[in-house]
Amino acid sequence: MKPSDAFSDRATVEALVSRAREQASRLDRPVTFMEVCGTHTHAIAAAGLRRLLPQKVRLISGPGCPVCVTPVDYLDRAEALAALPDVIVCTFGDLVRVPSSCGSLEQARARGCDVRIVYSPRDALAIAREHPSKRIVFLAVGFETTLPTVAAALAEAESEGIATFQILPGGKLIEPPLRALVTDGDVQIDGFLLPGHVSVIIGSNAYTFLAEEFRVPGAVVGFTPADILLGVSELVQQVLERAPRVANLYTRVVRPEGNRHAQELIARFFEPVDTRWRGLGEIPGSGLGVRATWAHRDASTIEVAVPEPREPGGCRCGEVLKGVIEPPQCPLFDRGCTPDAPLGACMVSSEGTCAAWYRHERFGAGAAA
Ligand code: SF4
């Protein structure tokens, strides 16, 4: 058995479900835990974990999918850049299908704009080498997990003197939205399942403020069913003991201090800026802008006409991203909005909450044990 198999083993999962049920029976009230990672959202839905958990334990999804939280005005600007004759826009695949104010990047491509799907920022850099007469704009959307790869591509462009490679900064930090969510008041959150990938970069110590300032429990967890159930069990235990802390249950890859090299790489090219999130609005210091030293790499300085931002009519992604509603509570869920024809951002990426519910949970909603 590979070490990782132990975390998907049926007997292990059943034992953890039994433990969570026993713990929950000692709770004097229902509790709500939020995951803030798109991969967790997908993993929870795909494994049917919501239906295995006791009724007193509710799992909700937060703003963890980078495609979903990217605001519509960012997409509008990307489309405007793609319309310039000397620009090639490079992006991860999901973003091309997210509705913008006037269509989508996919529709812009159909109109003849040069929009290319890449698998990494270095792929975009390779396109810059192949097309020296074009400006290459990479859509740098993502959390702390993705930004080191963007920074590495910028470093490579600098060392090779590739002046035509730029990024449209859309990176986001995880700490500010966590602070916004615990102080928001729209949803009572009794604990967080903290994101495994992001934590590899920033370290588990980055979340101690949750317990110390807000007395909210936290658990850094991996992505197998056993990882997630261990996290749920840990959060229930912290609630029972009234002793909030941040437990690192993903020590296979997450260190308390994180990855210092990656942190330094991010800090070399980026600095915190105020930025907008779909659903959460503007959060101070929650984005990563390009440092002034590297302004020549910043495509947001290119002047283009951008329309007044307009969200898709009737879409309730904002409430989904804050955990205020579950996807089936949106009147458009499976009634006009599906992964094949998404009306909102949360239905586009497989890590989006609406897409995860549609694919795995739409026939089992409300069937908790
Ligand atoms: S179901 Fe579609 S329209 Fe409704 S919130 Fe989700 S993405 Fe938006």
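Structure: above.
What you are looking at is a predicted structure, and each value in this text was computed from that prediction instead of being measured. (Residues numbered from 1 in each chain as written. Predicted model: local features only at pLDDT ≥ 70, side-chain atom pairs only at ≥ 80, totals over all residues. Heavy atoms only, no water.)

A. Representation of the overall build of the chain. Summing up its helical and strand segments, the chain has 15 helices and 11 strands in all. Relative to the globule expectation of 21 Å for 369 residues, the C-alpha radius of gyration of the chain, 21 Å, shows essentially globular dimensions. Seen through its principal axes, the chain has C-alpha atoms that stretch 65 × 45 × 45 Å. Looking at the chain as a whole, 54% of its 369 residues are labelled buried. A separation threshold of at least 6 residues defines the contact pool for the chain, and within that pool the share at least 24 residues apart is 78%. Averaging the coordinates of the 38 positive side-chain charges in the chain and doing the same for the 43 negative ones gives two points 3 Å apart. (Helix = DSSP H or I, 4+ residues; strand = E, 2+ residues; numbered from the N terminus. Rg over C-alpha atoms; globule rule 2.2 N^0.38 Å. Buried < 20%, exposed > 50% of the residue type's maximum accessible area, 1.4 Å probe, protein only. Contact = heavy atoms within 4.5 Å. Lys, Arg positive; Asp, Glu negative; His and termini not counted. Charge placed at Lys NZ, Arg CZ, Asp CG, Glu CD.)

B. Seen up close, unusual backbone geometry. Positive phi, close to 50°, is recorded for Arg-242, a residue that is not glycine. When you line up the elements, Arg-242 lands in the loop between helix H12 (225-241) and strand S9 (246-248). Overall, Arg-242 belongs to the exposed group, its relative accessible area being 60%. Although it is not a glycine, Asp-334 sits at a positive phi angle of roughly 60°. For Asp-334, the location among the structural elements is in the loop between helix H14 (317-321) and helix H15 (353-360).

C. Highlighting the environment of Ala-262. Along the chain, the position of Ala-262 falls in helix H13 (residues 260-269). Along the chain, Ala-262 and Ala-151 lie 111 residues apart, while their C-alpha atoms are 8.9 Å from each other. Ignoring anything within four residues of it in the chain, the contact list for Ala-262 reads Pro-148 and Ile-201.

D. Examining the sheet that holds strand S2 (residues 57-61) more closely. Reading across the sheet, the 5 strands line up as S2-S1-S7-S8-S9 and stay open at both edges, with parallel pairing between neighbours. Two strands lie at the open edges of the sheet, namely S2 and S9, each paired on one side alone. Geometrically, the sheet is characterised by an average inter-axis angle of 20° between neighbouring strands, direction not taken into account. Note that strand S1 (residues 31-35) and strand S7 (residues 191-194) share 3 bridges and pair parallel. Among the inter-strand pairings, Glu-35 is bridged to a residue of S7, identified as Leu-193. Relative to S7, H12 is tilted by about 155°, and along the sheet it contacts S1, S2, S7, strand S8 (218-220) and S9. (Pairing = 2+ DSSP bridges. Axes fitted to C-alpha atoms, helices over the stretch in contact; angles between N-to-C directions.)

E. Spatial organisation of helix H2 (residues 38-46). Residues of H2 that are buried include every one of Gly-38, His-40, Thr-41, Ala-43, Ile-44 and Ala-45, and no others. Positioned one or two residues after H2, Gly-48 has a phi angle of 65°, which is positive.

F. The pairing of strand S5 (residues 135-142), seen in detail. Counting buried positions along S5 yields 7 of 8 residues, so the element is predominantly enclosed. Examined bridge by bridge, strand S3 (residues 87-91) and S5 share 4 bridges and lie parallel to one another. Following the sheet pairing, Val-89 is matched in S5 by Val-137. In terms of handedness, the path from S5 via helix H8 (residues 147-160) over to strand S6 (residues 165-172) forms a crossover that is right-handed. (Right-handed = clockwise from strand over helix to strand, strands pointing away.)

G. Here's a closer look at the packing of helix H7 (residues 121-130) against H8. At a minimum axis separation of 8 Å, H7 and H8 run at an interaxial angle of 25°. Of the possible angle classes, the one that applies to H7 and H8 is roughly parallel. As for how H7 packs across H8, the hand of that crossing is right-handed. Here Pro-121, Arg-122, Leu-125 and Arg-129 of H7 come into contact with H8, specifically with Thr-149, Val-150, Ala-153, Glu-156, Ala-157 and Glu-160. (Parallel < 35°, antiparallel > 145°, perpendicular 65-115°, else oblique. Left-handed = near helix turned anticlockwise from the far one by under 90°.)

H. Main features of the site of the ligand. Around the ligand, the surrounding shell consists of Cys-315, Arg-316, Cys-317, Cys-330, Leu-332, Phe-333, Cys-337, Gly-344, Met-347 and Cys-354. Looking at the shell around the ligand residue by residue, the classes come out as 8 nonpolar, 1 polar and 1 charged. (Near = heavy atom within 4 Å. Nonpolar A, V, L, I, M, F, W, Y, C, P; charged D, E, K, R; others polar.)

I. How the structure looks around the packing of aromatic side chains. Applying the stated criterion to the full structure yields 6 aromatic pairs. Look at Phe-223 and Tyr-250: their rings are 6.0 Å apart centre to centre, the planes differ by 85°, and that puts the pair in the edge-to-face class. On the criterion of sequence distance, the pair formed by Phe-223 in the loop between S8 and H12 and Tyr-250 in the loop between S9 and H13 is long-range, its members being 27 residues apart. For the pair formed by Phe-223 and Tyr-250, the shared burial category is buried. Taken together, a centroid distance of 4.7 Å and an interplanar angle of 40° make the contact between Phe-269 and Trp-294 tilted. Residue Phe-269 is located in helix H13, and its partner Trp-294 is located in the loop between strand S11 (281-290) and H14; the two are separated by 25 residues in the primary sequence. (Phe/Tyr/Trp six-rings, centres within 6.5 Å; stacked < 30°, edge-to-face > 60°.)

Interpretation in functional terms is not warranted from these geometric data alone.
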